[in-house]
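Coordinates in review
Take a look at the letters that make up each chain.
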Amino acid sequence: MNVAIFLVVSVAGALGATAAAAFGAPPALFATALAVAFAGLAGAAAAAAVALHAPDDLRDPREARGPSDVQPILTDGVTRGAFNKLWLAAAGAFAVLGIVPLVSLARKPGRSVRTGWRAGLRLVDEQNQPIRVDRLIAGGIETVFPQDGVDIPDASAVLIRLPTGYVAYSKICTHAGCPVALYRAHSQQLYCPCHQSLFDVLDGAKNVSGPAPRPLPGLPLDVDANGYLIARGDFDGPVGPDDWGRVT
Amino acid sequence: MIVRGTVRWLDERLGTNAGARYLLAKIYPDHWSFYLGEFALYFFMVLVATGIWLTFAFDASEAGAFPSVLALADRSHPIGYVIRQVHHWSALCFVAAILVHMARIFFTGAFRRPRELNWMIGVTMLVLASLTGFTGYSLPNDDLSGIGLRIADSVALSVPLVGQWASAVLNGADYFPGPQLIPHLYTLHVYYLPVTIGVLLSLHLGMVIYQKHTQFVRDPEHVVGRRFWPDYALRTLAVFGASVAALGALAALVELNPIETYGPYHPWIATNSAVPDWYAAFLDGALRLGPSTEIHIFGHPIPPVFWPGVVLPFVTLAFVFAWPFIEKRLTGDDAAHDVLALPTQSPLRLGVGTALLFDGILLTLAAADDQTAAALHIRLETLVWVYRILLFAGPLVAGLIAARIGAEMRARIRESAVYASDVTTLVRTAEGGFEEEEPQPA
């Protein structure tokens, strides 16, 4: 009897879900009907299992598995002594050969950091608009890029206006490459939301807390004749996390 | 009629009835904890079914990935929305079910001879399930998962000698994010990883059938339990229905990964509370607690992420993978065990398992240390140090306490067993005296 009720619920749920889909009902309704259909199935199966009153102490003998009692296959003529070493040497040689395709998988091995910054290049915002010296008030912050280089992965920098003037630092964390996107204006610290590294903006973006191993590289700034902010060169240190190949 | 005809047709050609009869008559030991692995199996089946559907809705290109998933996140496409939600929920539940199943196998000693190989296959599947989950989580190319990929790329790069190579292979370029990153993750996610899981799963279950189940009933000569057809089949069907029903309810009630609120990935955009899916959180927590010191070997840097991001998970995994052999070495017990132990029967296992769980939970909590510190009104740096000390002291203390409790419970059970064999019943006679009753045969 319970089984029948559950099966009816299951059928209603399945048809209900189909109807919900056909009439474009909201997803929550479709998912609920789906849950009802499968819950009905679960209930029916469980009720049927209980109704069986089947024994739970049926016994099935265990058979021993292994060790096998077989004669070794004779390979005396081809695997003895020096032969064995040669087979092993061949296997080793093929393993060495296997490194070739593996290594060549990396079409461009190594790592190059492209920032796009060079002396005289204007700072721009996300819309590639140049930034005038009066863009920010003291305490203001903006993400900047080299002109026409918003897409360059390691180009982004945070521009901050301090009471004493502008500073800009790479926005890519030296710990694991996250964007150092948050600024604590009251303590003048940059904060990485991924692993909570803190960088002191007043002290060359030095890593003062958290797992970052070194300061954020700084971007040397200047102002051109038209009053726009420009870079005096590339970042003063390597951008992003270090790796084995970045020999210092 | 059709079924009977088909069965006969197959049997006449392949002799399948003998095998089918063997499987249908197979005895399954009945204990609630034995269903945990079945939950994992059904979550995997749901993942495959919904995943196949999703491959037809997903655009595996760098530019097309985000918009194609955004179209699924849009509630005006209810079926796509629900299928994506069920898929993601199922992935979270899949890893959870594997872990809980594994804890059962561990604490009851089911991995002991002759089942060490199946333990190692299981641990491998846990790793593959997490990797499949992470690659899938990364496919939408949204801002949150993009940040996760950038962290993973940095961790890969930190590996001496081969790090740059691995990163270059995945990115298809010498920078992040490379143009081939999403296509390569896609191939891993829908092909190499799930197919490998499928093969290992077949071996896993095949070995359970061939070697037969372990059980709690103390009869090492027999498997004791319920027949598969129809008794156990109905029970496992109920587990299947319950698994999918739970996923449907979760999809209806709790929205996962709302990428429409994250936006597409940009290397310069991030926000507070950036945390990964739960099974990857322990690695994120480890990175948060990790050192900031960078050491150099012959001028080559070993970045700080190497220790928490590579060494810690690899050492832990190697330890768990090799546990059957480590335990054998420590206890000298190399006998075959078809009868399970209770967790309290082995203080060693109870202690080691508790220590591992302690650090796993601690590192997972550490992935939310910024939110915890804010909620508790304490300095984040203080909390990080508390976690760092707990990471090393906690498992020792918790493990020793658990082992001690286990040892005492074991002793108590043995004691009560000794007394149980020594029980005498006094009977008051009609005259008011006492007599010892004849012991009844058990």
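Residues numbered from 1 in each chain as written. Chains lettered and ligands numbered in written order. Predicted model: local features only at pLDDT ≥ 70, side-chain atom pairs only at ≥ 80, totals over all residues. Heavy atoms only, no water.

**What to know about the overall build of chain A**
Secondary structure summary: chain A contains 4 helices and 11 strands in total. What you see for chain A is a C-alpha radius of gyration of 34 Å, clearly larger than the 18 Å of a compact globule of 248 residues, by over 25%. Taken along its principal axes, the extent of the C-alpha atoms in chain A is 90 × 75 × 35 Å. Counting over 248 residues, chain A shows a buried share of 42%. Working note: accessible area of chain A is about 13,100 Å², and carbon and sulfur atoms make up 62% of it. Computed over 20 positive and 21 negative side-chain charges, the separation of the two mean positions in chain A equals 5 Å. (Helix = DSSP H or I, 4+ residues; strand = E, 2+ residues; numbered from the N terminus. Rg over C-alpha atoms; globule rule 2.2 N^0.38 Å. Buried < 20%, exposed > 50% of the residue type's maximum accessible area, 1.4 Å probe, protein only. Areas by Shrake-Rupley, 256 points an atom, 1.4 Å probe, with all protein chains shown as cover. Lys, Arg positive; Asp, Glu negative; His and termini not counted. Charge placed at Lys NZ, Arg CZ, Asp CG, Glu CD.)

**Concerning the pattern of salt bridges**
With the rule as written, the count across this model stands at 29 salt bridges over all chains. Note that Asp-219 of chain B is salt-bridged to Arg-59 of chain A, the shortest N-O span being 2.4 Å. Here Arg-59 of chain A lies in strand β1 (residues 58-61) and Asp-219 of chain B lies in the loop between α9 (181-211) and β2 (222-227), a pairing that spans two chains. Classification of Arg-59 of chain A by relative accessible area gives partly exposed; the value is 44%. Among the ionic pairs, Glu-142 of chain A bridges to Arg-135 of chain A, the shortest N-O distance being 3.3 Å. Given the relative accessible area of 33%, Arg-135 of chain A is considered partly exposed. What emerges from the salt-bridge pattern is a single network uniting Asp-60, Glu-63 and Arg-65 of chain A together with Lys-212 of chain B. (Salt bridge = Lys/Arg side-chain N within 4 Å of Asp/Glu carboxyl O.)

**Notes on the confidence of the model for chain B**
In the predicted model, chain B carries a mean pLDDT of 94, and 97% of its residues have values of at least 70. Overall fold confidence (pTM) sits at 0.94, and the ipTM for the predicted complex is 0.94. (pLDDT = per-residue confidence, 0-100.)

**A short note on the nonpolar core**
Formed by 58 residues in total, the largest nonpolar core has its most connected members in Phe-94, Phe-106, Trp-119 and Leu-247 of chain B. Elements that contribute at least two residues to this core include exactly α1 (2-22) and α2 (27-52) of chain A together with α3 (36-55), α5 (78-107), α6 (116-138), α9, α10 (228-253) and α15 (347-366) of chain B. Setting aside residues no more than four positions away along its own chain, Leu-247 of chain B makes contact with Phe-43, Val-46, Val-86, Trp-89, Ser-90 and Cys-93 of chain B. With 42 residues, the next largest nonpolar core counts Val-180 of chain A together with Leu-149, Ile-182 and Val-310 of chain B among its residues. (Core = buried A, V, L, I, M, F, W, Y, C linked by side-chain atoms within 4.5 Å. Contact = heavy atoms within 4.5 Å.)

**Examining the interface of chain A and chain B**
Contacts between the two partners involve 76 residues from chain A, matched on the other side by 88 residues from chain B. Taking both sides of the interface into account, the surface hidden between chain A and chain B amounts to around 6,900 Å²; carbon and sulfur atoms contribute 62%. Summed over the shared surface of chain A and chain B, the result is 7 salt bridges. Lys-212 of chain B is the salt-bridge partner of Asp-60 of chain A, the closest N and O atoms lying 3.1 Å from each other. Counting the contacts that link chain A with chain B gives 28 residue pairs in polar contact (both at pLDDT 80 or more). (Buried area = accessible area lost by both parts, 1.4 Å probe. Polar contact = N/O pair within 3.5 Å; in protein donor to acceptor, adjacent residues only side chain to side chain.)

**With respect to the pairing of strand β3 (residues 141-146) of chain A**
As a general feature of sheets, a regular strand has side chains that alternate between the two faces. Residue and element names in this part refer to chain A. Where burial is concerned, most of β3 is hidden: 5 out of the 6 residues are buried. Inspection of the sheet shows strand β2 (residues 123-124) paired to β3 by 2 bridges, in the antiparallel sense. Looking at the pairing, Leu-123 lines up with Pro-146 of β3. Across 4 bridges, β3 lies against strand β4 (residues 157-162) in antiparallel orientation. Across the sheet, the residue bridging to Glu-142 is Leu-159, located in β4. (Pairing = 2+ DSSP bridges.)

**A closer look at the side chain of His-337 of chain B**
Note that His-337 of chain B resides in the loop between α14 (323-331) and α15. For His-337 of chain B, the side chain forms a polar contact with the side chain of Asp-333 of chain B, separated by 2.7 Å.

**Things to note about α1 of chain A**
Residues and elements named next belong to chain A. Given a rise of 1.5 Å per residue, 21 residues ought to cover 30 Å, and the 30 Å separating the end C-alpha atoms of α1 matches this to within 8%. Every buried residue of α1 is accounted for by Ser-10, Gly-13, Ala-17 and Ala-20. All buried residues of α1 lie within an arc of 100 degrees about the axis, which places them on one face of the element. Exposed positions of α1 whose direction lies more than 90 degrees from the buried face are Val-8, Leu-15, Thr-18 and Ala-22. (Expected span 1.5 Å × (residues − 1). Arc of directions from axis to C-beta.)

**Overview of the state of the cysteines**
Structurally, a disulfide amounts to a covalent bond that connects the sulfur atoms of two cysteines. All names here are of chain A. Under the definition given, this model contains 1 disulfide over all chains. Here Cys-178 connects covalently by a disulfide to Cys-194, the sulfurs 2.2 Å from one another. Between Cys-178 and Cys-194 the sulfur-sulfur dihedral comes to about -90 degrees; the bridge is accordingly left-handed. Note that Cys-178 is positioned in the loop between β5 (165-170) and β6 (182-184) and Cys-194 in the loop between β7 (189-191) and β8 (198-200), a separation of 16 residues in sequence. The exposure class of Cys-194 is buried, given its relative accessible area of 2%. Left without a disulfide partner, Cys-173 is nearest to the cysteine sulfur of Cys-192, which lies 4.1 Å away. (Disulfide = S-S within 2.5 Å.)

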